[in-house]
Amino acid sequence: MDIKRIKYSHELLKHNIRLEKELSMVIREIVIQQEACNHIKVCLGWNGPYQDRDTSFHTCLFCQKDDPDSQYRTIDATNYRKLKYSHGENEMIREKRLLDIQSLALDIMRENPKITETELVEKLNKIIAEEELKTKEIEKRLGYRHI
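Values in this document were obtained by computation on a predicted structure and should not be read as measured data.

Even after reading the chapter, I still don't get the packing of aromatic side chains, so can you show me in this structure?
For any two aromatic rings, the description comes down to two numbers: the centre-to-centre distance and the angle of the planes. Per the counting criterion, the structure on display carries zero aromatic pairs. The side chain of R94 reaches across the aromatic face of F57, ending 3.5 Å from its centre.

This is the structure:
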């Protein structure tokens, strides 16, 4: 009998049980946060060659609920840092884009802790629009075609 292998399997099982409990707790907390959230919808990208509502991926800026109802204007981040994230056609890219936008939002809120959700949305949309203009200028200089 290989005692090392059995001992290792035993440790893996204990580790797996602990991680499953932690994951279950994290999932419960996410659900609680999503239910209590005052959602701000962000469009992070789209699947396919054409950007339209049917292929767009929307999530909440803060709780990451998919396609939430929101009373605020949608933050269109489909072209935010386009040279880095393309048009957000895969989940990993959209997650990274969301993390960037969340960091930007947190910086804005640290700078102005009394900012309202509406003001935050407007400020983020303005920053994203400015970033898009810079990207278009870079693309133009590099000879990229706009789709």
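Mind showing me how you'd approach the pattern of salt bridges here?
Side-chain pairs of opposite charge can arise whenever the charged atoms involved come near each other. Scanning all chains against the criterion turns up six salt bridges. Residue E22 is joined to R18 by a salt bridge in which the shortest nitrogen-to-oxygen separation is 2.5 Å. Highlighted residues: E22 and R18, both in helix α1 (residues 3-36), separated by four residues, approximately one helical turn. Judged by its relative accessible area of 37%, E22 falls in the partly exposed class. In this structure, R73 engages E122 in a salt bridge whose closest nitrogen and oxygen atoms are separated by 3.0 Å. Here the residue R73 occupies a position in the loop between β2 (56-60) and β3 (75-76), and E122 occupies one in helix α4 (residues 117-142), the gap between them amounting to 49 residues. Residue classification places E122 among the partly exposed positions, given a relative accessible area of 37%.

Help me out: how do you make sense of the nonpolar core in this one?
Soluble globular proteins tend to pack their nonpolar side chains together in the buried interior. Ranked by size, the top nonpolar core spans 18 residues in total, and within it I40, V42, L61, I75, I101, L120 and L124 carry the most contacts. Of all the elements in the fold, those that place two or more residues in this core are β1 (41-46), α3 (91-111) and α4. Ranked by residue count, the leading element in this core is α3, at five residues.

What is the right way to read the environment of F62 from this model?
Structurally, F62 can be placed in the loop between β2 and β3. Spatially, the C-alpha atoms of F62 and I6 are 44 Å apart, while their sequence positions differ by 56 residues. Those residues in contact with F62, other than ones at most four positions away along the chain, are C37, I40, Q102, A105, M109 and L120.

Sorry, what's going on with α3 here?
At 3.6 residues per turn, the α-helix brings residues three or four places apart onto the same side. Taking 1.5 Å of rise per residue, 21 residues should cover 30 Å, and α3 covers 30 Å from first to last C-alpha, within 8% of that figure. For α3, every residue scored as buried is listed here: I93, R94, R97, L98, D100, I101, Q102, L104, A105 and I108. Against β1, β2, α2 (82-85) and α4 lie the buried residues of α3.

Where do I start with unusual backbone geometry in this structure?
Phi is mostly negative for residues that are not glycine, and the peptide bonds are mostly trans. Of note in the backbone geometry, Q64 takes a positive phi value of approximately 65° without being a glycine. The topology assignment puts Q64 in the loop between β2 and β3. Positive phi values are uncommon outside glycine, yet R81 reaches one of about 50°. Along the chain, the position of R81 falls in the loop between β3 and α2. Overall, R81 belongs to the partly exposed group, its relative accessible area being 31%.

I keep staring at the sheet that holds β1 and nothing clicks. Help me out?
The strands that make up a sheet are held in pairs by hydrogen bonds between backbone atoms, and each pair lies either parallel or antiparallel. Spatial ordering of the open sheet is given by β2-β1-β3, a layout of three strands whose pairing is mixed. Of all strands in the sheet, those with a lone pairing partner are β2 and β3, marking the two edges. Bridging between β1 and β2 involves five bridges; their strand directions are antiparallel. Within β2, the position partnered with G45 by the bridge is F57. Of the strands in this sheet, β1 and β2 touch α3, which is tilted by about 145° from β1.

So what exactly am I meant to see when it comes to the confidence of the model for the chain here?
Across the chain, the average pLDDT comes to 88, with 91% of residues at 70 or higher. Between the elements of the chain, mean pLDDT differs from a low of 82, seen in α2, to a high of 96, seen in α1.

Rules and cut-offs
Residues numbered from 1 in each chain as written. Predicted model: local features only at pLDDT ≥ 70, side-chain atom pairs only at ≥ 80, totals over all residues. Heavy atoms only, no water. Phe/Tyr/Trp six-rings, centres within 6.5 Å; stacked < 30°, edge-to-face > 60°. Lys NZ or Arg CZ within 6 Å of the ring centre and 35° of its normal. Salt bridge = Lys/Arg side-chain N within 4 Å of Asp/Glu carboxyl O. Helix = DSSP H or I, 4+ residues; strand = E, 2+ residues; numbered from the N terminus. Buried < 20%, exposed > 50% of the residue type's maximum accessible area, 1.4 Å probe, protein only. Core = buried A, V, L, I, M, F, W, Y, C linked by side-chain atoms within 4.5 Å. Contact = heavy atoms within 4.5 Å. Expected span 1.5 Å × (residues − 1). Pairing = 2+ DSSP bridges. Axes fitted to C-alpha atoms, helices over the stretch in contact; angles between N-to-C directions. pLDDT = per-residue confidence, 0-100.

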